Amino acid sequence: MGHFRNWVLICFLVFQFVDGFYLPGSFPHNYNIGDKLSVKVNSLSSINTEIPYAYYSLPFCRPSEGIKDSAENLGELLMGDRLENSPYRFKMYSNETQIFLCNSNPLCAEEFKTLKERIDESYQVNLNLDNLPAIRVMIKDGYLLHWTGYPVGTKFQDEYYVFNHLKFKVLIHKYEEPSMAGVIGAGDGAELITTDDKTSNKSKGYMVVGFEVTPCSFRHIPETVKKLKMYDKYPYSIECDPITVGMNVSESNPIPFSYEVSFVESDIKWSLRWDAYLKMEGAKVHWFSIFNSLMVIAFLAAIILVILMRTIHRDLAHYEELDKEAQAEIIEELSGWKLVVGDIFRTPANPVLLCIMVGDGFRILGMALETIFFAALGFMSPASRGALVSGMLFFYTFCGLLAGYIAVWLLQTMTGGDSRGWLSVAWRVSCFFPGLAFLLLTILNLLLWGSHSTGAIPFSTYIFLLLLWFCISVPLTVAGGYLGTKASFLQYPISTNQIPREIPPQRFPSWLLVLGGGVLPFGTLFIELFFILSSIWMGRVYYVFGFLLVVLILLVVVCAEVSLVLTYMHLCAEDWRWWWKSFFASGSVALYIFLYSIKYVVFDLKSLSGPVSAMLYVGYSLLMAVAIMLATGAVGFLTSFLFVHRLFSSVKLD
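None of the values given here were measured: they were computed from a predicted structure.

Visitor: Sorry if this is basic, but what is going on with the state of the cysteines here?
Guide: Disulfide: a covalent bond connecting the sulfur atoms of a pair of cysteines. Scanning the entire structure with this criterion turns up two disulfides. Each sulfur in the disulfide pair cysteine 61 and cysteine 102 lies 1.8 Å from the other. One disulfide, between cysteine 61 and cysteine 102, carries an S-S torsion of -90 degrees and so falls in the left-handed class. Linking cysteine 61 in the loop between β1 (36-41) and α2 (74-79) with cysteine 102 in strand β3 (residues 96-103), this pair joins segments that are 41 residues apart in sequence.

Take a look at the structure:
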């Protein structure tokens, strides 16, 4: 009892200091009044094309010191993010209006054509201040809507208008020090927060907790802007009305740009400043998805309970009560799974390929579980741009150890302990899915290169990915394979007959049942799949990783149960070819996911246009479906394999 009391006290002491660590994002910057704030620009994006372009590919104002790239991680490069400096300059708590920025050069024919295309394709300008994306706040039908970025322009009565005046509102909060020192952070954090320095209270500043923008189309007086320099004050009042348009664009005419900024103190704390971006919509829908999955699991569990506790247990008990002569006498009268005893462990077609796909499937599953787990803890929040993709690559690379181990262990089990050829299997595991992914990404990257998109992976990043693959992933997979040769393998409890047993004709094709097996796993995740696709293709922030982790665990359980039930049904039909069917019984969920992706682009993402955009969508959807097939198929196969081994280990035969 005393030990329990001590543990409770320790837990309370720990919880007192939990607020000292803010996992999602960087440490707060302390800005004093008058300190400079720099706005950064990101790639232009559109849900109509899904092809990002550089901000300065349009005739926007450029900073006087030149364009400089911000530090980018691997995830940002792969996602097409390109952060660069901008000419927008603020001073903390200093409201400014009618700030003239620049007058662009007269638009040439190519620039005018490109600008019209970007407006027609609904491209959005993405700005960033203190690691916060700019958002537009709109009230529609009584609801407060938040949109990331603002449109380049609009088309009205066959005229093109550009939003050339920006009204910024920066929400600030008085600087507050955390309750203890912290060392966890990423992004723009540059200072260590402690509470030991009591003199720090003398000059408390402000933190940026919100960044809003209202775009306007305003026609400046041409003669006036010619006399102004960057950051001069425009001599006339600028009425920013987002509903009206005034600055139409035409060839051979320049575009003047201006802005204004106001600072507003807010009650929003720095640790909650991302709430406007991460508001979880449809929480009841997520809970319904989980409840639906639990119902499916309970239904399948009941079937498995009937199979194990009634049918199999009863058959085994009756079978083992007989002596050997009686067993021989009734063997002709037996039916179902008991008749395939001599063929149940017959080596399947393409056993090496099966081992490779199972090994790579568990690597993908391990990567998904680890990535989503750490994302649910807050280590991979949107505040740390590219962290999610970087984390996925990191975990996939180091899960090569698991892939090599399982593939070689399974091969040894199939060959009765013969470890010859393990190195070849480990090598193929390290190249199977990464090779498919690299080939597909290369084709898609060539399309992006041809479109001059920032989504194209730079050549230097290609080289880095190849080094990551061959210098880290391959050796780890080979090391896992070597460990697999040292592990004890499962010995078959029953010897295999020399002549395969003839499979009786089936009323329905067995593969039809296999393809239908993916319906139940798909039913556990299709609701969450909608939110994921909306996050990827419609620019919405997905951050309910806690729900996703639960759904993923439920998906694994459902896949295991579905494969087990269908394997037992095949055995009862005297079909001993269960190996590949158990893999695709659960892996067929990928087919339904791919079909749902096609449905999503037809009915939900109707605005997607252009052959390049369509090929990008289909290519990435196909890659996602293959990865899910390998992961779910591996779970189903291993469950069925252990089930069959356990079942026939209970049958005593000479």
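There is more to say, and it comes next.
Visitor: Would you take a moment to explain unusual backbone geometry for this structure?
Guide: Negative phi is the rule for most residues except glycine; trans is the rule for most peptide bonds. For glutamine 157, which is not a glycine, the phi torsion comes out positive at approximately 55 degrees. Tracing the backbone through its elements, the reader meets glutamine 157 in the loop between β10 (153-156) and β11 (159-162).

Visitor: Before we go on, may I ask you to explain the pattern of salt bridges in this structure?
Guide: Side chains carrying opposite charge are able to pair once their charged atoms draw close together. Inspection of the entire model under this criterion finds 11 salt bridges. Where aspartate 343 meets arginine 346, a salt bridge forms, and the shortest distance between an N and an O atom there is 2.6 Å. With its nearest N and O atoms 3.5 Å apart, the salt bridge here joins arginine 577 to aspartate 575. Its relative accessible area of 1% is what places aspartate 575 among the buried residues. Bridged by salt links that share partners, the residues Glu117, Arg118 and Glu121 form one connected network.

Visitor: Looking at this model, I keep getting lost on the nonpolar core. Mind explaining?
Guide: What tends to happen in soluble globular proteins is that the nonpolar side chains get buried as a cluster. Counting residues in each nonpolar core, the largest one holds 151 residues, and the members touching the most others are Phe90, Leu127, Phe168, Phe211, Phe637 and Phe648. It is helix α15 (residues 545-572) that provides the largest number of residues to this core, a total of 17 residues. The contacts of phenylalanine 168, once residues within four sequence positions are left out, are Tyr88, Phe90, Leu127, Phe211, Glu212, Val213, Tyr259, Glu260, Val261 and Ser262. Residues Phe100, Phe218, Tyr234 and Ile238 belong to the second largest nonpolar core, which totals six residues.

Visitor: Looking at this structure, I do not really get the pairing of strand β13 (residues 206-216). What am I missing?
Guide: When a strand is regular, its side chains alternate between the sheet's two faces. Of all 11 residues in β13, 10 are buried, a share of seventy percent or more. Relative to β13, strand β12 (residues 165-174) runs antiparallel, the two sharing 10 bridges. Considered in β13, the bridge of lysine 174 is made with tyrosine 206.

Visitor: I would appreciate a short explanation of the side chain of histidine 220 in the present structure.
Guide: Within the fold, histidine 220 resides in the loop between β13 and α4 (222-225). Reaching out from histidine 220, the side chain makes a polar contact with the backbone oxygen of phenylalanine 218 at a distance of 3.4 Å. Reaching out from histidine 220, the side chain makes a polar contact with the side chain of serine 258 at a distance of 2.9 Å. Apart from residues no more than four positions distant in its own chain, histidine 220 is found in contact with Asn164, Val225, Tyr234, Ile238, Pro256 and Ser258.

Visitor: Help me understand the environment of methionine 207 in this model?
Guide: You can see methionine 207 is positioned in strand β13. Exposure remark for methionine 207: the relative accessible area of 2% places this residue in the buried category. Between the C-alpha atoms of methionine 207 and isoleucine 172, which are 35 residues apart in sequence, the distance is 5.4 Å. In this structure methionine 207 touches Pro28, His29, Leu171, Ile172, His173, Lys174, Tyr175, Glu176 and Trp270, once residues within four positions along its chain are discounted.

Visitor: Can you help me understand helix α10 (residues 400-414) in this one?
Guide: Counted at 1.5 Å a residue, the expected span for α10 with its 15 residues is 21 Å, and the 21 Å between its end C-alpha atoms agrees. The buried fraction of α10 is high, at 12 of 15 residues. What α10 keeps buried is the set Gly400, Ala403, Gly404, Ile406, Ala407, Val408, Trp409, Leu410, Leu411, Gln412, Thr413 and Met414. On its buried face, α10 is in contact with α8 (351-377), α9 (387-398), α11 (422-450), α12 (459-486), α16 (579-587) and α18 (611-649).

Visitor: How do you make sense of the environment of methionine 569 when you look at a structure like this?
Guide: Locating methionine 569 in the fold gives a position in helix α15. Taking the C-alpha atoms as reference points, methionine 569 and serine 510, 59 residues apart in sequence, are found 9.8 Å from one another.

Visitor: Would you take a moment to explain the packing of aromatic side chains for this structure?
Guide: Between two aromatic rings, the relevant description is the distance of the centres plus the angle of the planes. This model, assessed by the stated rule, comprises 45 aromatic pairs. Ring plane angle 70 degrees and centroid distance 5.9 Å describe the contact between phenylalanine 374 and phenylalanine 379, whose orientation is recorded as edge-to-face. An aromatic cluster is defined as three or more aromatic residues linked by ring pairs; in this entry it consists of Phe373, Phe374, Phe379, Phe394, Phe395 and Phe398. The positively charged end of arginine 346 is found above the aromatic ring belonging to tryptophan 576, 5.6 Å away from the centroid.

Cut-offs applied
- Residues numbered from 1 in each chain as written.
- Predicted model: local features only at pLDDT ≥ 70, side-chain atom pairs only at ≥ 80, totals over all residues.
- Heavy atoms only, no water.
- Disulfide = S-S within 2.5 Å.
- Helix = DSSP H or I, 4+ residues; strand = E, 2+ residues; numbered from the N terminus.
- Salt bridge = Lys/Arg side-chain N within 4 Å of Asp/Glu carboxyl O.
- Buried < 20%, exposed > 50% of the residue type's maximum accessible area, 1.4 Å probe, protein only.
- Core = buried A, V, L, I, M, F, W, Y, C linked by side-chain atoms within 4.5 Å.
- Contact = heavy atoms within 4.5 Å.
- Pairing = 2+ DSSP bridges.
- Polar contact = N/O pair within 3.5 Å; in protein donor to acceptor, adjacent residues only side chain to side chain.
- Expected span 1.5 Å × (residues − 1).
- Phe/Tyr/Trp six-rings, centres within 6.5 Å; stacked < 30°, edge-to-face > 60°.
- Lys NZ or Arg CZ within 6 Å of the ring centre and 35° of its normal.

All we've got here are geometric facts, nothing functional implied.
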